[in-house]
Amino acid sequence: MSKLVVKGPVRLEGRVRISGAKNAALPILIATILLKGESVITNVPNLTDIMTTIRLLRSLGLKAEFTNNTVTIMGTNDVRHIAPYELITNMRASFLVAGPILARVGFAKVPYPGGCAIGTRPVDIHLNGFRAFGIDIRVEHGFVVLKSNGKIRGSKYTLDFPSVGATQNLMMLASLAEGTSVLKNVAKEPEIEDLAAFLNQAGANVQGAGTDTIRIEGVPEMINVNYPVIPDRIETATYLCAVAITRGDVILEKVNTAQIQDIIKVLRKVGYTLEEIDDETLHISYDGGDLKGVNIKTEPFPGFSTDNQAMLMSVLAMIDGEKSSITETIFENRFMHVNELNRMGANIEVDGRKAVIHGVRNLSSSAVKMMDLRGGAALLIAGLVADGDTVLYNTYHILRGYEDITGKFIKLGAKFAH
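None of the values given here were measured: they were computed from a predicted structure. (Residues numbered from 1 in each chain as written. Predicted model: local features only at pLDDT ≥ 70, side-chain atom pairs only at ≥ 80, totals over all residues. Heavy atoms only, no water.)

This part takes up the sheet that holds strand S2 (residues 13-17). In space, the four strands of this open sheet follow the order S2-S14-S16-S15, with mixed pairing throughout. Bordering the open sheet on either side are S2 and strand S15 (273-278), each of which pairs with just one other strand. Strand-to-strand, the axes of this sheet are offset by a mean angle of 15°, without reference to chain direction. Pairing geometry for strand S14 (residues 249-253) and strand S16 (residues 281-285), over four bridges, is antiparallel. Note on S16: the bridge partner recorded for Glu-253 is Thr-281. Its contacts with the sheet put helix H8 (residues 233-245) on S2, S14, S15 and S16, and the angle it makes with S14 is roughly 170°. (Pairing = 2+ DSSP bridges. Helix = DSSP H or I, 4+ residues; strand = E, 2+ residues; numbered from the N terminus. Axes fitted to C-alpha atoms, helices over the stretch in contact; angles between N-to-C directions. Contact = heavy atoms within 4.5 Å.)

Another aspect to go through is the pairing of strand S5 (residues 70-74). Going residue by residue along S5, you find Val-71 and Ile-73 tucked away on one face and Thr-70, Thr-72 and Met-74 left uncovered on the opposite face. Bridge count between strand S4 (residues 63-67) and S5: five bridges; the pairing is antiparallel. Of the residues in S5, the one forming a bridge with Phe-66 is Val-71. The turn joining S4 and S5, which pair antiparallel and follow one another in sequence, is formed by two residues; a positive phi near 50° is taken by Asn-68. (Buried < 20%, exposed > 50% of the residue type's maximum accessible area, 1.4 Å probe, protein only.)

Our next topic: the pairing of strand S18 (residues 323-327). The pairing of strand S17 (residues 295-297) with S18 spans three bridges and is classified as parallel. In the sheet register, Asn-295 faces S18, and the bridge partner there is Ser-325. At this point the chain moves from S17, through helix H10 (residues 309-317), to the parallel S18, and the crossover so formed is right-handed. Bridging between S18 and strand S20 (residues 354-358) involves five bridges; their strand directions are antiparallel. Paired with Ser-325 across the bridge in S20 is Val-356. (Right-handed = clockwise from strand over helix to strand, strands pointing away.)

These results come straight from atomic positions and should not be treated as a statement about function.
Next up, the structure:
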């Protein structure tokens, strides 16, 4: 699916079930490198990034199979130390193999990673953390070569920035290190807590996940587990924004309401009705009242997620006569969708890391190009309310992060053509 046509305008109604979280599943799958025996990971979304990770695990000597949102993985005593270039460079999260390979083998050779071009996202924070654990690092021929001098021992390290990936990489490394590790200024995202819960079930001793300090007592080995992945909070936010922009009425199932308070609070402030029926069920509707503009700044969790700002921008662009702003503090290139939204009739101005949104009454159909995963989702939901057929190109981006996205939208009343 390189091209998709969204036929608008529509109003979304019905029920939708949220899939497992891609950003939680990827590090958990990679963490199975640390384990011995057969592990079963459930509620795994069927996405291209997941399939890339499965191929990556196989390339390192593990056996991995995906069936019905379940990945069965057989660990190995002979983990390969070289990660393939073509897999790592396709997906940023692939660099997470560095920590567990080091923990198992003491030597890793990993290419610089790829992924969406939304910013520099340097791996320096990862590498500085590895150095704190006594790892020698050099770069040669596009690969980062990491080597321990004997047994890896626990360490204390304060991250320069609460990077999710660096936090996860160091958590996995420290789980099999000898002694105690203390990581400070770490990421607090729910995906960090999910990885910690997985590691602990496998026999690790990780304490403090969800706070800014994580303490890890290293263990000699870890065992196989059966573990379910948490719901995808970014997919949840995407459907909330899609319902909001179409002024729809939808019940979202299998969510985690505690992990999506950032988008819930903002949409309520704008003027939508969101009812938390229980911890796993959320109802969003619009009562016809006035909608208001808002001023948002992205921040590390529990602040407003950078992954949600593109979809929210589409919603704000359709609040006629209201002025809003979004300031992006995490990634410097995360407004690549703005020009495409403006092609559809939005009125958005960008000044550095701040976007000012002047709400308009209508969007018009156009041919637009998806530049990254979340920006692509923003264009898709904008197409739901545009007058006519919106042609989306580079749709491979959304296949990386949304399971059966067209099928789910069709059940809610959306219309597509290829």
